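Residue-level structural notes
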Amino acid sequence: CFHHLYPRPAVPTLEPKMSASGAPSTVDTAPFPSTATPHLAPDSTDREPSHDPGSGAPTTTPGPLGVLQLVQQRTWIVDASAASRSITHATADGHETTKRINGACFVFAPQTGQLFVRTVLTSAWPAAAGLAAADSADSSGSGATVEETSAQLAAEFALSCSAALPPEEAPEMMTAGDGHLLSALRGRFPAGSVRGLDPLIAPALRALLRLSKVGDVVLGAFETQTVLFNAYDGWLESVEPLAAFSRLQLLLKALGADAAATTGLLDVAGTKQKPWQMWPLLSDEQWTGVGEELRRIASRNPEVVGN
């Protein structure tokens, strides 16, 4: 049922199959490979800063990637912002308690919509009793912060995905908007193949966890697993990657501001999605029609006002 979206599977060893219930099945439950070799297509235009042999002065460092670069070449966006998650709820005696829940790392290809989601179990972090301490150090005793450990997990996940691809289908560039994650990626991939990402266009992929299609898979996982989705569904059959990426950006911002209003709007405007799809079925004209309402929903979040 994925063949019309994946006429030639990009990652044969990670190709998902549908269960009887229609939910995407897990793929690749093995631990992260510690000796994987990344397959990245060479890119002669973007290199790490070098020094002029005559003056010894460093050359200009390439700036962050723009939206056109994301959709015009095989670029992967790596996101570790949801690797560590927790929830707070009130107890019967009126107190509040906080506990960890499963998180996720994301690898997203804006050119095709391919989305790899790797679950991060609560066992990767200290117990809930030590949640305050977990904000400053991980459970390995290494003294690394949660942000640093999350970055290492996501970079290793990107490495395992890249190593599973044949060279001709490998990403040309890896990018992330977080400094810890950029450092972790540069430690695993060839020089010049990792670039920063403009924060104004970095997709808030963690908002996808507010969709039951994605969130339920992550929250209910009992073992580390990778699930493959296509965040564009069948959009690329009628629109260009740039338009599909812009549509996804708007959806993510709206989900982040008010998930209930966003999903309610889409359910009313479209028809029920097929089991393997992330979004209700809407025509391009319908997407244009709901776009303004999605912008109004997104504007409820002060962080996206003016963006």
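Residues numbered from 1 in each chain as written. Predicted model: local features only at pLDDT ≥ 70, side-chain atom pairs only at ≥ 80, totals over all residues. Heavy atoms only, no water.

Some remarks on the overall build of the protein
Along its length, the protein carries eight helices and eight strands. Looking at the protein as a whole, 46% of its 307 residues qualify as buried. Put simply, of all contacts in the protein between residues at least 6 apart along the chain, 69% involve residues at least 24 apart. By element, 55% of the accessible surface of the protein is carried by carbon and sulfur atoms, the whole surface being about 14600 Å². (Helix = DSSP H or I, 4+ residues; strand = E, 2+ residues; numbered from the N terminus. Buried < 20%, exposed > 50% of the residue type's maximum accessible area, 1.4 Å probe, protein only. Contact = heavy atoms within 4.5 Å. Areas by Shrake-Rupley, 256 points an atom, 1.4 Å probe, with all protein chains shown as cover.)

Quick word on unusual backbone geometry
Not every positive phi belongs to a glycine, and D233 is a case in point at roughly 50°. In this fold, D233 is placed in the loop between β8 (226-230) and α6 (241-257). Judged by its relative accessible area of 6%, D233 is buried.

A look at the nonpolar core
Counting residues in each nonpolar core, the largest one holds 45 residues, and the members touching the most others are F108, L208, W235, M278 and W279. Breaking this core down by element, the ones donating at least two residues are α1 (67-72), β4 (103-108), β5 (114-120), α5 (212-219), β8, α6, α7 (259-269) and α8 (284-298). Take this core: its biggest share by element is eight residues, from α6. Filtering out sequence-adjacent residues up to four positions away, W279 remains in contact with L208, L211, A231, D233, W235, L248, L251, L255, L266, Q273 and W287. (Core = buried A, V, L, I, M, F, W, Y, C linked by side-chain atoms within 4.5 Å.)

A word on the pattern of salt bridges
Scanning the entire structure with this criterion turns up five salt bridges. For the salt bridge of R247 with D284, the shortest nitrogen-to-oxygen distance reads 3.5 Å. Placement of the pair is R247 in helix α6 and D284 in helix α8, with a sequence separation of 37 residues. The class for R247 is buried, based on a relative accessible area of 14%. (Salt bridge = Lys/Arg side-chain N within 4 Å of Asp/Glu carboxyl O.)

Some remarks on the packing of aromatic side chains
Tallying each qualifying case throughout the model produces five aromatic pairs. Judged by centre distance (6.5 Å) and plane angle (25°), the rings of W235 and W279 are stacked. Of the two residues, W235 is situated in the loop between β8 and α6 and W279 in the loop between α7 and α8; the sequence distance between them amounts to 44 residues. With respect to class, W235 is no different from W279; both count as buried. Of the aromatic side chains, those joined through ring pairs into one cluster are F108, Y232, W235, W279 and W287. Across from the ring centre of W235, 4.8 Å away, lies the NZ or CZ of R247, which sits over that ring. (Phe/Tyr/Trp six-rings, centres within 6.5 Å; stacked < 30°, edge-to-face > 60°. Lys NZ or Arg CZ within 6 Å of the ring centre and 35° of its normal.)

Thoughts on the sheet that holds strand β1 (residues 75-79)
Whether parallel or antiparallel, the strands of a sheet pair through hydrogen bonds between backbone atoms. The sheet built from six strands is open, its strands ordered β7-β6-β1-β4-β5-β8 with mixed pairing. Sheet topology places β7 (194-196) and β8 at the edges, where each strand pairs with a single neighbour. Between one strand and the next, the sheet's axes are offset by a mean angle of 25°, whatever the strand orientation. Lying over the sheet, helix α4 (residues 179-186) contacts β1, β6 (173-176) and β7, oriented at roughly 165° with respect to β7. (Pairing = 2+ DSSP bridges. Axes fitted to C-alpha atoms, helices over the stretch in contact; angles between N-to-C directions.)

Re the pairing of strand β3 (residues 96-101)
Looking along a regular strand, one sees side chains alternate from face to face of the sheet. Examined bridge by bridge, strand β2 (residues 85-90) and β3 share six bridges and lie antiparallel to one another. Bridge assignment links I87 to a residue of β3, and that residue is K99.

Structural notes on the environment of R85
Within the secondary structure, R85 sits in strand β2. R85 gets classed as buried once you look at its relative accessible area, which sits at 15%. Measuring from C-alpha to C-alpha, the distance between R85 and G103 comes to 5.5 Å, with 18 residues separating the pair along the chain. What R85 contacts, discounting residues up to four positions off in sequence, is K99, R100, I101, N102, G103, R206, L209, V218 and L219. Among the polar contacts made by the side chain of R85, one reaches the main-chain carbonyl oxygen of N102 at a distance of 2.7 Å. (Polar contact = N/O pair within 3.5 Å; in protein donor to acceptor, adjacent residues only side chain to side chain.)

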